[in-house]
Amino acid sequence: MEWDKSASSLLEKVPPFVQKTVREKVETLARERGKTMITEAEVMAARESFMSRQQNTTPTQGIAAAHKPTDNKKLAILKKYPKYFNKDGNPVLYQINSCRGAEVHCPFLITDSHVLADAIRNRLEKLKFTEKLINKIEGQILPHHTMKLAVSGCPNSCSMPQIKDFGAHAIEPVCVDPESECIECMKCVETCREDAITVKDRQVSIDMEKCVHCGLCAKVCPSGSIKSGMKKYRVMIGGKVGRHPKFAVEILPQADETMTLKALDVCVDIIVSSKTERRFRTLIEQQGIEEIKKRI
Ligand code: SF4
Ligand code: SF4
Ligand code: SF4
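Residues numbered from 1 in each chain as written. Chains lettered and ligands numbered in written order. Predicted model: local features only at pLDDT ≥ 70, side-chain atom pairs only at ≥ 80, totals over all residues. Heavy atoms only, no water.

### Observations concerning the overall build of the protein
And step 1. When helices and strands are tallied, the protein shows 12 helices and 11 strands.
And step 2. Its C-alpha radius of gyration of 24 Å places the protein more than 25% over the 19 Å reference for a compact globule of 296 residues.
And step 3. Expressed as lengths along the three principal axes of its C-alpha atoms, the size of the protein is roughly 85 × 45 × 30 Å.
And step 4. A total of 296 residues make up the protein; the buried ones form 47% of that total.
And step 5. The long-range fraction of contacts in the protein, counting pairs at least 24 apart against all pairs at least 6 apart in sequence, stands at 67%.
And step 6. Summed over its atoms, the accessible surface of the protein is roughly 15600 Å², and 52% of this surface lies on carbon and sulfur atoms.
And step 7. With 47 positive and 38 negative side-chain charges, the protein shows a separation of 6 Å between the mean positions of the two kinds. (Helix = DSSP H or I, 4+ residues; strand = E, 2+ residues; numbered from the N terminus. Rg over C-alpha atoms; globule rule 2.2 N^0.38 Å. Buried < 20%, exposed > 50% of the residue type's maximum accessible area, 1.4 Å probe, protein only. Contact = heavy atoms within 4.5 Å. Areas by Shrake-Rupley, 256 points an atom, 1.4 Å probe, with all protein chains shown as cover. Lys, Arg positive; Asp, Glu negative; His and termini not counted. Charge placed at Lys NZ, Arg CZ, Asp CG, Glu CD.)

Below is the structure:
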């Protein structure tokens, strides 16, 4: 199908690796509308159609963003990396890693990491994080400006939340139930990799300084002397690699999804409202972790 000059010029502004897909979609829609030539109006109509179908995409991203010459300039370097764009070519300035525990039936799995990862993704879209970050950064947007997040299904932390701007892993806090009689099978002691459990004279104690809340002892205890409570998340922020790597700092030791997303809101606000383009870890150190905790 023939494209006129203005439509072709709009297509050229879309990242090269998705131009073929965009072209096909625009032409399909134009055919459905009984058109034989692609004009700017057809591209705009396709854009409206794409946006209405995208639950996870904000209206000013994507093809709309390609209309803004300043945004295109800002994204020039990121366009070399497909991971910073979704399948429709819209910029996505965050990356969320999840562990594969649920898919591989991991024996350590507490909670499917994709559940929280999806909630985080939806929240970032609702907060228009990508759009706000593009607006905030004045020059070229570089990979280190994007937000890195990770969720793991247990404290083993295979998706490495400790080195991300925002990370969480599932936990299953345990406690000793004095109503249940310990039979001294010692399965809990053998299971605990942290050497956190002591059993003596049928009295069970857990050293909470050592315990990482993996919940495994409660799973093997046949008497119910060790019980697990509500599954939660340990939330940490400010991890980074690079020239001066740092582990993330714990911000919520035991949070439900609502609190975790509230912590995310605060972190996003710190990033997008900061006048500087410093790394998130630096912003945290400037504000102070205790002050940030008070905002959650
Ligand atoms: S983080 Fe835990 S649940 Fe996820 S894959 Fe690793 S060991 Fe399994
Ligand atoms: S929850 Fe895990 S780390 Fe904590 S005492 Fe039980 S087995 Fe050990
Ligand atoms: S697994 Fe349960 S019953 Fe066995 S020693 Fe530990 S607390 Fe006692």
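### Quick word on the site of ligand 1
And step 1. Lining the immediate environment of ligand 1, one finds Cys 99, Gly 101, Cys 106, Phe 108, Leu 109, Ser 152, Gly 153, Cys 154, Asn 156, Ser 157 and Cys 158.
And step 2. Here the shell around ligand 1 is built from residues that sort into 6 nonpolar, 5 polar and no charged. (Near = heavy atom within 4 Å. Nonpolar A, V, L, I, M, F, W, Y, C, P; charged D, E, K, R; others polar.)

### Some remarks on the nonpolar core
And step 1. In terms of nonpolar packing, the biggest core is built from 46 residues, with Ile 120, Leu 124, Phe 129, Met 147, Leu 149, Phe 166 and Leu 264 touching the most fellow members.
And step 2. Within the second largest apolar cluster, 14 residues are counted, among which are Cys 188, Cys 192, Ala 196 and Cys 211. (Core = buried A, V, L, I, M, F, W, Y, C linked by side-chain atoms within 4.5 Å.)

### Some details on the side chain of Ser 274
And step 1. Counting through the fold element by element, Ser 274 comes out in the loop between helix H10 (257-273) and helix H11 (280-287).
And step 2. Looking at Ser 274, its side chain comes within polar contact range of the main-chain oxygen of Thr 276, at 3.1 Å.
And step 3. Excluding anything up to four places from it in sequence, Ser 274 contacts Lys 136, Asp 269 and Leu 283. (Polar contact = N/O pair within 3.5 Å; in protein donor to acceptor, adjacent residues only side chain to side chain.)

### A few points about the packing of aromatic side chains
And step 1. Taken as a whole and assessed by the stated rule, the structure comprises 2 aromatic pairs.
And step 2. An angle of 85° between the planes, with centres 5.9 Å apart, marks the rings of Tyr 81 and Tyr 84 as edge-to-face.
And step 3. Accessibility expressed as a relative area gives 37% for Tyr 81, which makes it partly exposed.
And step 4. The aromatic ring of Trp 3 is capped on one face by Arg 23, whose charged end is 4.8 Å from the ring centroid. (Phe/Tyr/Trp six-rings, centres within 6.5 Å; stacked < 30°, edge-to-face > 60°. Lys NZ or Arg CZ within 6 Å of the ring centre and 35° of its normal.)

### Things to note about the site of ligand 3
And step 1. For ligand 3, the full set of nearby residues is Cys 182, Ile 183, Glu 184, Cys 185, Met 186, Cys 188, Val 204, Cys 221, Pro 222, Ser 223, Ser 225 and Ile 226.
And step 2. Here the residues of the shell around ligand 3 are counted per class, giving 9 nonpolar, 2 polar and 1 charged.

### What to know about the packing of helix H6 (residues 113-126) against H10
And step 1. Viewed as axis vectors pointing N to C, H6 and H10 meet at an angle of 40°, and their least axial separation amounts to 11 Å. Relative to H10, the element H6 lies oblique. By crossing handedness, the relation of H6 to H10 is classed as right-handed. Along its contact with H6, which presents Val 115, Leu 116, Ala 119, Ile 120, Arg 123 and Leu 124, the element H10 presents Glu 257, Thr 260, Leu 261, Lys 262, Leu 264, Asp 265 and Val 268.
And step 2. Partitioning the contact of H6 with H10 into residue classes produces 8 nonpolar, 1 polar and 4 charged. (Axes fitted to C-alpha atoms, helices over the stretch in contact; angles between N-to-C directions. Parallel < 35°, antiparallel > 145°, perpendicular 65-115°, else oblique. Left-handed = near helix turned anticlockwise from the far one by under 90°.)

### Thoughts on the environment of Pro 161
And step 1. Relative to the assigned elements, Pro 161 resides in the loop between strand E4 (147-152) and strand E5 (166-171).
And step 2. By relative accessible area, Pro 161 is classed as buried at 0%.
And step 3. When the C-alpha positions of Pro 161 and Met 236 are compared, they lie 7.5 Å apart, and in sequence the two are 75 residues distant.
And step 4. In contact with Pro 161, other than residues within four places in its own chain, are Ala 150, Ser 152, Gly 167, Ala 168, Met 236 and Ala 248.

### Some words on unusual backbone geometry
And step 1. Even without being glycine, Lys 128 reaches a positive phi, approximately 55°.
And step 2. Within the element layout of this structure, Lys 128 appears in the loop between H6 and helix H7 (129-136).
And step 3. A relative accessible area of 32% means that Lys 128 is categorised as partly exposed.
And step 4. The phi dihedral of Glu 184 is positive, around 55°, even though this residue is not glycine.
And step 5. Along the chain, the position of Glu 184 falls in the loop between strand E6 (174-176) and helix H8 (187-191).
And step 6. Given a relative accessible area of 35%, Glu 184 falls into the partly exposed group.

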